[in-house]
Amino acid sequence: MKQFAFVFPGQGSQSVGMLDAWADHPVVAQTLQEASDALGEDIGALIKNGPKEDLALTTNTQPVMLVAGVAAWRVWLAEGGAMPAAVAGHSLGEYSALVAAGVLTLAQAAPLVRLRAAAMQEAVPVGTGAMAAVLGLPAEKVKEVCAAVTAQLGGAEVVEAVNFNDPGQTVIAGSKAAVEAASAAVKEAGAKRALPLPVSAPFHSSLMKPAAEKLKAALDALELGVPQIPVINNIDVTVQTDAAAIRDALYRQAFGPVRWVECVQAMKARGITHLVECGPGKVLAGMTKRIDADLVGAPLYDPATLAEVKELLA
């Protein structure tokens, strides 16, 4: 069997009815029930019926994406899928990866990500923060432009490079005025485009520090399991087994960058050739190919893609 890792998507891949293809699978029903009990609401009904606007609320998006990723993972195991050599998750997806690895239970993770989402939204009032995807400019240049714009604006406004998604896409975040100024500046520096993202807070920027402090208090109260699979984290691109180190990495991830390009490269360095995107959408599978053409990225989100992945890895 080929060497493979499972990677879990984050916010932005959610859609109404994203688990419908597995509606009759007992493992999915059990997963939805567990999450619903932990959150005190019917999370399955929210995923099935939406509406889209409700799914897009950060406080809903984070739990539903967690649940969808864990559901796909559990179906894989229930259908006889082999254990991956490593797991990782993009931003919020890191929590799904930690559930898959046995570090967090779903009952722990669902309320935790809802708290994380609420704290992030409270940290920066709606309309005062922003994010944008910069296309076609090297990441180091994007970082330089952000530093120059922040310095120019005198510190009251801040913009930072926060998601290193692939060699041609870096996401910036910060205060609205600074993100707008940086979007213009990166285009002057040669970027093809700077696309504003439809998000409600500047995730992974230093403006999220107050949210991270609330998250830290919640993390400190949880008993974590020992990882059963190596988890490559976003913030340091390392594998941690110590509970205190895992907590600290999640705390810093809330206000630090998602180093996804390096995460993918670290998986390749472990001899991994195939990255399976476990959960809705194909965003990470697309990024995989753009990061390294030698790697194979494949989505797993319904019975058809499950069969394809099994065949691909055989």
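That block above? That's the structure.
Residues numbered from 1 in each chain as written. Predicted model: local features only at pLDDT ≥ 70, side-chain atom pairs only at ≥ 80, totals over all residues. Heavy atoms only, no water.

1. Quick notes on the packing of helix α1 (residues 26-39) against helix α6 (residues 106-123)
Right, so step 1: The N-to-C vectors of α1 and α6 enclose an angle of 55°; their axes lie 8 Å apart at closest approach. With respect to their mutual orientation, α1 and α6 come out oblique. Of the two possible hands of crossing, α1 and α6 adopt the one that is right-handed. Residues Thr31, Glu34, Ala35, Ala38 and Leu39 of α1 lie in contact with α6, whose contacting residues are Leu106, Ala107, Ala110, Pro111 and Arg114. (Axes fitted to C-alpha atoms, helices over the stretch in contact; angles between N-to-C directions. Helix = DSSP H or I, 4+ residues; strand = E, 2+ residues; numbered from the N terminus. Parallel < 35°, antiparallel > 145°, perpendicular 65-115°, else oblique. Left-handed = near helix turned anticlockwise from the far one by under 90°. Contact = heavy atoms within 4.5 Å.)

2. Things to note about the packing of aromatic side chains
Right, so step 1: Tallied over the full model, the rule gives five aromatic pairs.
Right, so step 2: Ring centres of Phe6 and Trp76 lie 5.3 Å apart, and the angle between their planes is 50°; this geometry places the pair in the tilted category. With Phe6 in strand β1 (residues 4-8) and Trp76 in helix α4 (residues 58-78), this pair connects stretches of sequence that are 70 residues apart. Per residue, the accessibility class of Phe6 equals that of Trp76, and both read buried.
Right, so step 3: Between Tyr251 and Phe255, the aromatic rings sit 5.3 Å apart at their centres with planes inclined by 70°, giving edge-to-face as the arrangement.
Right, so step 4: Tyr251 sits in the buried class, given a relative accessible area of 11%.
Right, so step 5: When its relative accessible area of 21% is taken as the criterion, Phe255 is described as partly exposed. (Phe/Tyr/Trp six-rings, centres within 6.5 Å; stacked < 30°, edge-to-face > 60°. Buried < 20%, exposed > 50% of the residue type's maximum accessible area, 1.4 Å probe, protein only.)

3. Here's the deal with the sheet that holds strand β7 (residues 274-278)
Right, so step 1: Reading across the sheet, the four strands line up as β2-β1-β7-β8 and stay open at both edges, with parallel pairing between neighbours. Each edge of the open sheet carries a strand with a single partner, namely β2 (86-89) and β8 (296-300). Within the sheet, the average angular offset between the axes of one strand and its neighbour, ignoring direction, is 25°.
Right, so step 2: As judged from the four bridges shared by β1 and β2, these two strands associate in the parallel manner. Directly across from Phe8, in β2, lies its bridge partner Gly89.
Right, so step 3: Strands in contact with helix α13 (residues 303-313) are β1, β7 and β8; relative to β8, the strand with the most contacts, it is inclined by about 150°. (Pairing = 2+ DSSP bridges.)

4. Some points on the side chain of Arg114
Right, so step 1: Structurally, Arg114 can be placed in helix α6.
Right, so step 2: Note on Arg114: relative accessible area 19%, which makes it buried.
Right, so step 3: If we ignore the near neighbours within four places in the chain, the residues touching Arg114 are Leu39, Glu41, Thr59, Asn60 and Pro63.

5. Notes on the sheet that holds strand β6 (residues 193-196)
Right, so step 1: Spatial ordering of the open sheet is given by β4-β5-β3-β6, a layout of four strands whose pairing is antiparallel. The open sheet terminates on both sides in strands that have one partner only, identified here as β4 (159-166) and β6. The average undirected angle you get between the axes of adjacent strands in this sheet is 25°.
Right, so step 2: Taken together, the four bridges between strand β3 (residues 129-135) and β6 define a ladder with antiparallel strand orientation. Within the sheet, the bridge partner assigned to Ala133 lies in β6 and is Leu195.
Right, so step 3: Running at roughly 165° to β4, helix α7 (residues 139-152) makes contact with β3, β4 and β5 (169-175) of the sheet.
Right, so step 4: Most of the contacts of helix α12 (residues 283-291) go to β4, to which it runs at about 85°, and overall it touches β4 and β5.

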